[in-house]
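Residues per chain, in single letters:
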Amino acid sequence: DTYNAVIMRLPSEPGMASCKLQNSDLGEAEDAFPVQYDADEVTTGCNVHYLGEALDVIDEERVSLKMNKGKGPIVVRGFGDERSLNLLMPVLTES
């Protein structure tokens, strides 16, 4: 089975987060992007396909991710949109 995970690190530096995609067939890719974040550093991973499906149904330009130190479900919503709720379960990753 192909391993497809995205590892999210919040914050990797002040105001920035990083995502690393791991694919057992294609290797890895990494990118950083600006975030508004006001908690302790968190690293978590999830299935990249499920994250993509959650993001596809959000009409907002910005996204809200809520997580509990990478251990519990990741709540994905459009920023300021309390109508939608997407839950992703974290996966163990090789970080």
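All residue numbers here refer to positions counted from 1 along the written sequence of the relevant chain. Reporting of local features is limited, given that this is a predicted model, to residues whose pLDDT is at least 70; pairs of side-chain atoms are given and counted only at 80 or more, and all residues count toward the totals for whole chains, interfaces and linings. No hydrogens and no water enter the side-chain calculation; it runs on all heavy atoms of the structure.

1. Details of the side chain of S64
Inference 1: Only DSSP runs of H or I covering at least 4 residues are called helices, and only runs of E covering at least 2 are called strands; the numbering of each starts at the N terminus. Structurally, S64 can be placed in strand β5 (residues 63-66).
Inference 2: Residues within four places of S64 in sequence aside, it is in contact with V75, V76, R77, G78 and F79. Two residues qualify as a contact provided that any one of their heavy atoms is within 4.5 Å of a heavy atom in the partner residue.

2. Focus: unusual backbone geometry
Inference 1: That bond from L10 to P11 is cis: its omega, -25°, falls within 30 degrees of zero.
Inference 2: Tracing the chain through its elements places P11 in strand β1 (residues 4-13).

3. Some points on a nonpolar patch on the surface
Inference 1: Patch building starts from residues that exceed 30% relative accessible area and form no salt bridge, then joins like charges within 9 Å and nonpolar side chains (Val, Leu, Ile, Met, Phe, Trp, Tyr) within 5 Å. Exposure was quantified through the Shrake-Rupley algorithm and a 1.4 Å probe, taking into account, for residues, occlusion by the shown protein chains and nothing else. A carboxyl oxygen of Asp or Glu within 4 Å of a side-chain nitrogen of Lys or Arg is what we treat as a salt bridge. Residues L55, V63 and L65 make up a contiguous nonpolar surface patch of roughly 200 Å² in combined accessible area.
Inference 2: By the secondary structure assignment, V63 is in strand β5.
Inference 3: A relative accessible area of 36% places V63 in the partly exposed class. For every residue, the accessible area obtained with a 1.4 Å probe (protein chains only) is divided by the maximum for its type, and the residue is called buried under 20%, exposed over 50%, and partly exposed between those limits.

4. Some words on the environment of P90
Inference 1: Inspection of the secondary structure puts P90 in the segment after β7 (86-88).
Inference 2: Overall, P90 belongs to the partly exposed group, its relative accessible area being 23%.
Inference 3: It is 20 Å that separates the C-alpha atoms of P90 and D31, two residues lying 59 residues apart in sequence.

Note that every value here comes from positions in space, so none of it alone points to a role or purpose.
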